[in-house]
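# Commentary on secondary and tertiary structure
What follows is each chain in one-letter form.
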Amino acid sequence: MVHPRRQPPELTADLIGEIVLRLPPEDPACLVRASLVCNLWRGIISDRTFPRRYREFHRTAPMLGFFDNLYGGRGYNNPRFIPITAASPFSRPESDSFGSLVLDSHHGRVLLRDMMDDFEFAVWDPISDHRQQLPKPIITGSYISNYNAVVLCGADCCDHLDCHGGPFLVVLMCNGCSGWATCARVYSSKTGAWGAPASVHSGLKYLVNLKSVIMGDKIYSIFRLSAKILMYDIGKHYLSMIDTPDNCGEDDNNVLMSLEDGSLGLADIRNSSIYLWSRKVNNSDGVARWMQCRIIELEKMIPAIKSRTSLARVIGFAEGVCAILVSNGTAGTFMIELKSGMVRKINQSPYDVVVPFLSFYTPRYFIFRPFA
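Read on for a plain summary of the structure. For every chain, the first residue of the written sequence is number 1, and numbering continues from 1 along that sequence. Only residues with pLDDT of 70 or above have their local features reported here, since the model is predicted, and side-chain atom pairs are shown and tallied only from 80 upward, although totals for entire chains, interfaces and linings are computed over all residues. Side-chain metrics rest on all non-hydrogen atoms present in the structure, leaving aside hydrogens and water.

## Observations concerning the sheet that holds strand β12 (residues 213-215)
Remark on secondary structure: sheet strands pair via backbone hydrogen bonds, oriented parallel or antiparallel. Pairs of strands are assigned from DSSP output, requiring at least two bridges between the strands. Only DSSP runs of H or I reaching four residues or more are called helices, and only runs of E reaching two or more are called strands; each is numbered from the N terminus. Strand order in the open sheet formed by 4 strands is β12-β13-β14-β15, with antiparallel pairing between adjacent strands. The two strands at the open ends of the sheet, each matched to only one other strand, are β12 and β15 (238-243). Across the sheet, the axes of successive neighbouring strands diverge by a mean angle of 25°, strand direction being ignored. In terms of strand pairing, β12 meets strand β13 (residues 218-222) through 3 bridges, oriented antiparallel. The residue bridging Ile214 from the neighbouring strand is Ile219, located in β13. An axis is simply a line fitted to the C-alpha atoms; with a helix, the fit covers only the stretch in contact. Between two such axes, the angle follows the N-to-C directions and lies from 0 to 180 degrees.

## A look at the sheet that holds strand β3 (residues 100-106)
Pairing is antiparallel across the open sheet formed by 4 strands, whose spatial order is β3-β4-β5-β6. With one partner strand each, in any of the chains shown, β3 and β6 (130-133) form the two edges of the open sheet. Taken pair by pair, the neighbouring strands of this sheet meet at an average axis angle of 25°, ignoring direction. Here strand β4 (residues 109-114) runs beside strand β5 (residues 121-125); their pairing, made up of 4 bridges, is antiparallel. From the neighbouring strand, Arg113 faces β5, where its bridge partner is Phe121.

## So, the side chain of Asn328
With respect to the element layout, Asn328 can be found in strand β21 (residues 323-328). Summary of the burial criterion: residues with accessible area below 20% of their type's maximum are buried, those above 50% are exposed, and those between are partly exposed, where the area comes from a 1.4 Å probe applied to protein chains only. The class of Asn328 is buried, set by a relative accessible area of 0%. Side-chain atoms alone can form a polar contact between residues adjacent in sequence; in general such a contact is a pair of N or O atoms within 3.5 Å, and within protein one must be able to donate a hydrogen while the other accepts it. Here Ala331 takes part through its backbone nitrogen, which lies 2.9 Å from a polar atom of the side chain of Asn328.

## So, the pairing of strand β8 (residues 168-175)
Burial analysis of β8 places 8 of its 8 residues in the buried class, the great majority of the element. In β8, alternate side chains face the same way, and those of Phe168, Val170, Leu172 and Cys174 on one face and Leu169, Val171, Met173 and Asn175 on the other are all buried. The pairing of β8 with strand β9 (residues 181-188) spans 7 bridges and is antiparallel. Within β9, the residue paired with Leu172 across the bridge is Arg185.

Here's what the structure looks like:
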């Protein structure tokens, strides 16, 4: 007896919703393709409640790529966005990028500086394509060009799953404000003005750009040509100095990290190994100390590096996904996820210092904008 072929059950709207909810956020093209299946799928993905549900399900914003300050012609920098997905979720208008330098990126925003003016800043949201020019801060001193700046969310009790369009802060830390002092000033988009400076006598001149890390209300930056880390507490408006690990390598080949256990971390590379450090409070005396917690042997994880003559460099750290970016002059650029140990080659070309960009890219933006 021949049995009639059973038809597969139809997918209900609820089941389709659960399917698309699990599409990987690190590949925004998946949501785009799903929205093109039919009107039902498109309606589910473009529903006003879907973006929030999608972010809450995945929690951690993915790294979509990184910015590289490529030196171009006529004396200007022309930052490029280097996607690590199959397609870039956005394209940067040439009129916005020409003559700018990417200083920092946190909570879906990018901090830009005009190459012709050290203190001409703008905050750009690449996903919504909104850009806001900041008033110039009043800074005086003999070494004011040695500074670091960070952009971050300014909303109270924010989970940073969808900060687009909300208030933001820009923290400017610079040397030489008065003698050998280092000062910090904060711009708030709520007030539209820069606050009063806080200062600390550092006795040092040079801050390393593009190597800051945010941990709660604290921002950490490395000094160049020294063994010091600058800590700024936003809530207390207070600056202090921290020593780097005793056996740490050169400051231009290391990067600060925010570790999953809430401690401050540092990665430095020597020869073909990455040494990971963690700064924790000792329970016996209550003093915070650096401890070497791990060694990553690159030649075992990335065999291509072993046969290369040029040395590997640590070029960045992606907060949230807890990944170190490593570049080799001939092998390319790699991302090492500390939790899983997974290594991924993200670009064939080598880079110096880059600014990782992390954000969700959901239907609220791509349904009404072309996908680059």
